[in-house]
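Analysis of the macromolecular model
In case you want the letters, here they are:
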Amino acid sequence: MLGLPIALTDALPGPAWAVAVLVLPVVGLAAGTLVGSREALRRDPYLTARAHS
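These lines cover the structure that appears in this document, whether it is placed above or below. Model, not experiment: these values are computed from the prediction.

What counts as what
Residues numbered from 1 in each chain as written. Predicted model: local features only at pLDDT ≥ 70, side-chain atom pairs only at ≥ 80, totals over all residues. Heavy atoms only, no water. Patch = residues over 30% accessible without salt bridge, like charges linked within 9 Å, V, L, I, M, F, W, Y side chains within 5 Å. Areas by Shrake-Rupley, 256 points an atom, 1.4 Å probe, with all protein chains shown as cover. Salt bridge = Lys/Arg side-chain N within 4 Å of Asp/Glu carboxyl O. Helix = DSSP H or I, 4+ residues; strand = E, 2+ residues; numbered from the N terminus. Buried < 20%, exposed > 50% of the residue type's maximum accessible area, 1.4 Å probe, protein only.

Okay, a nonpolar patch on the surface next. Taken together, the side chains of Val-19, Val-21, Leu-22, Val-23 and Val-27 present a nonpolar region at the surface, about 460 Å² in accessible area. Tracing the sequence through the fold places Val-21 in helix H2 (residues 15-42). The exposed category is assigned to Val-21, whose relative accessible area is 56%.

This part covers the environment of Ala-51. Tracing the chain through its elements places Ala-51 in helix H3 (residues 45-51). Note: C-alpha distance between Ala-51 and Val-23 (28 residues apart in sequence) is 37 Å.

Read these as layout, nothing more, since geometry by itself doesn't imply function.
Okay, here's the thing in structure tokens:
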């Protein structure tokens, strides 16, 4: 419309975005699992189940 040449690659995000989209959720999931599992292993399962019943 304005005479600007737009290629298909201009519409796609750069490789840094693709890496961030693939890597950051994996890192976040791993960190959350590590922290959550450490917390869960510290607690007595009987007392935890009794508190939630």
